[in-house]
Amino acid sequence: MTPSTPRPTKAQRKVEAREQARQVMEERKRREQRASFLIKWGVVAAVIAILVIIGLIIAGNIRGQIPDAGPAPAHGNENGGITLTSSTELAAADAGEVDIASLPEEDPSPADPPPGIQASAADEPVQVVAYVDVNCVHCANFEQTHGEQIKTWLDEGAITFEYRNLAFLDGNSQTRYSSRSASALACVADSSPESYWDFSAALFGNFQNGELSDEELADKAEQAGAGDISGCLEGGTFRPWVKYSTDAAAAYGINGTPTVFVDGEQVTDAVSDFVTFTQEKIDAKN
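Residues numbered from 1 in each chain as written. Predicted model: local features only at pLDDT ≥ 70, side-chain atom pairs only at ≥ 80, totals over all residues. Heavy atoms only, no water.

J.: Would you explain the pattern of salt bridges in this entry?
T.: Where charged atoms of side chains with opposite charge meet at close range, the side chains can pair. Evaluated as defined, the whole model comprises four salt bridges. Here Arg 164 makes a salt bridge to Glu 162, at a shortest N to O gap of 2.7 Å. One exposure class covers both Arg 164 and Glu 162, and it is buried. Linking Arg 180 and Asp 214 is a salt bridge whose minimum nitrogen-to-oxygen distance equals 2.6 Å. Here Arg 180, found in helix H3 (residues 177-191), pairs with Asp 214, found in helix H5 (residues 214-223); they are 34 residues apart in sequence, far enough to count as distant. In this structure Arg 180 comes out as buried when scored by relative accessible area, which is 10%. With a relative accessible area of 31%, Asp 214 lands in the partly exposed category. (Salt bridge = Lys/Arg side-chain N within 4 Å of Asp/Glu carboxyl O. Buried < 20%, exposed > 50% of the residue type's maximum accessible area, 1.4 Å probe, protein only. Helix = DSSP H or I, 4+ residues; strand = E, 2+ residues; numbered from the N terminus.)

Printed below as a string of structure tokens:
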């Protein structure tokens, strides 16, 4: 027969009850301490995250604060343009320093073409001026469709082709790609004019691959035969020039890209009508 277990006395039951209560209280205290610890560090982490976000916003705003005045690149004209006379040569121009304060107030429906756009003389090549944005799909289509023909006309001496690179689409880009790519083009015009056409073609040809970092822009420039433009990009040397070119376009009623003028006349549909319209102007000189 199995001996029976002695029943705890009343005093023992009280001791056990107190011990159990003590353990429950200690466990509750440990849980509360852990919860308090996690809450404190959660708050600290949240504060750090907020400070990081604020810092990034401030840094972005600082980067976005481009001066209203600054140097123009070599071969940059007073209208914010860079003109090709062949696929390896740029027209001489020295705008010196540009300043947005010199621009007139915006005219949404000007009667005349913007400054510097006019019919060429009988013994001169046909003048083509194109307002473009590297981040614009229609500009990429224009370049893809007509690039080879433009190059042929340039090297035959039939036309000059002036690019006015704008940053209309910066608002659609977290990295302000329109400004950065236009700035990169200005850097190449300034230091390696013979590579401008190839670099420009490479940027528009890259459209389907998405935006490029400054490092990738510099790599593209080197691949096009230009020198190292990384310092020019990092220092934002020609960001004021791009800002000026963009504001100048808006001031004279340009509100979309590509907008193309041939011998002073705007081409209604730059993608569809450009070759026919330009060839007529070329033929009229012969």
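Now that the structure is up, let's keep going.
J.: Hey, could you run me through the packing of aromatic side chains in this one?
T.: Each aromatic ring pair is summarised here by two numbers: the centre-to-centre distance and the angle between the ring planes. Taken as a whole, this structure holds five aromatic pairs when the rule is applied. Measuring from ring centre to ring centre gives 6.5 Å for Tyr 131 and Phe 261, while their planes differ by 75°; the resulting arrangement is edge-to-face. With Tyr 131 in strand E5 (residues 126-132) and Phe 261 in strand E7 (residues 259-262), the pair connects residues that are 130 residues apart, well separated along the chain. In this structure Tyr 131 comes out as buried when scored by relative accessible area, which is 3%. Ring geometry for Phe 142 against Phe 274: centres 5.1 Å apart, planes inclined by 70°, an arrangement best described as edge-to-face. Of this pair, Phe 142 sits in helix H2 (residues 137-156) while Phe 274 is found in helix H8 (residues 270-284), placing the two residues 132 residues apart along the sequence. Each member of the pair Phe 142 and Phe 274 is classed as buried. One aromatic cluster is present, built from ring pairs that chain together Phe 142, Trp 153 and Phe 274. (Phe/Tyr/Trp six-rings, centres within 6.5 Å; stacked < 30°, edge-to-face > 60°.)

J.: Is there a simple way to think about the pairing of E5 in this case?
T.: Looking along a regular strand, one sees the side chains alternate between the two faces of the sheet. Within E5, seven of the seven residues are buried, which leaves it mostly tucked inside the rest of the structure. Residues Val 126, Val 128, Ala 130 and Val 132 line one face of E5 and the alternating positions Gln 127, Val 129 and Tyr 131 line the opposite face, and both faces are buried. Bridging between E5 and strand E6 (residues 159-165) involves seven bridges; their strand directions are parallel. Across the sheet, residue Ala 130 finds its bridge partner in E6, namely Tyr 163. In the classification by handedness, the crossover that spans E5, the intervening H2 and the parallel E6 is right-handed. The pairing of E5 with E7 spans four bridges and is antiparallel. Of the residues in E7, the one forming a bridge with Tyr 131 is Thr 259. (Pairing = 2+ DSSP bridges. Right-handed = clockwise from strand over helix to strand, strands pointing away.)

J.: Mind showing me how you'd approach the sheet that holds E5 here?
T.: Two pairing modes exist for strands in a sheet, parallel and antiparallel, and in both the strands are linked by backbone hydrogen bonds. Ordered in space as E3-E2-E6-E5-E7-E8, the six strands form an open sheet in which the pairing is mixed. Strand pairing shows two members of the sheet lacking a second neighbour, strand E3 (89-90) and strand E8 (265-266), which therefore form its edges. In the sheet, strand E2 (residues 82-86) pairs with E3 via two bridges, with the strands oriented antiparallel. Bridging from a neighbouring strand, Ser 86 pairs with Glu 89 of E3. H8 contacts E5, E6, E7 and E8 of the sheet and is inclined by roughly 10° relative to E7. (Contact = heavy atoms within 4.5 Å. Axes fitted to C-alpha atoms, helices over the stretch in contact; angles between N-to-C directions.)

J.: Help me understand the state of the cysteines, please; the structure alone is not making it clear to me.
T.: Evaluated as defined, the whole model comprises one disulfide. Between the sulfur atoms of Cys 187 and its disulfide mate Cys 232 the distance is 2.0 Å. Between Cys 187 and Cys 232, the disulfide has an S-S torsion of -80° and is therefore left-handed. Placement of the pair is Cys 187 in helix H3 and Cys 232 in helix H6 (residues 230-234), with a sequence separation of 45 residues. Comparing Cys 187 with Cys 232, the two get one shared label, buried. (Disulfide = S-S within 2.5 Å.)

J.: What is the right way to read helix H7 (residues 239-251) from this model?
T.: For the α-helix, the turn length of 3.6 residues means that residues three or four positions removed from each other point alike. Taking 1.5 Å as the rise per residue, H7 with 13 residues should run 18 Å; its terminal C-alpha atoms sit 18 Å apart, in good agreement. With eleven of 13 residues buried, H7 is to be regarded as a mostly interior element. Looking at the buried side of H7, the elements it contacts are strand E1 (69-71), E2, strand E4 (97-99), E5, E6 and H3. (Expected span 1.5 Å × (residues − 1).)

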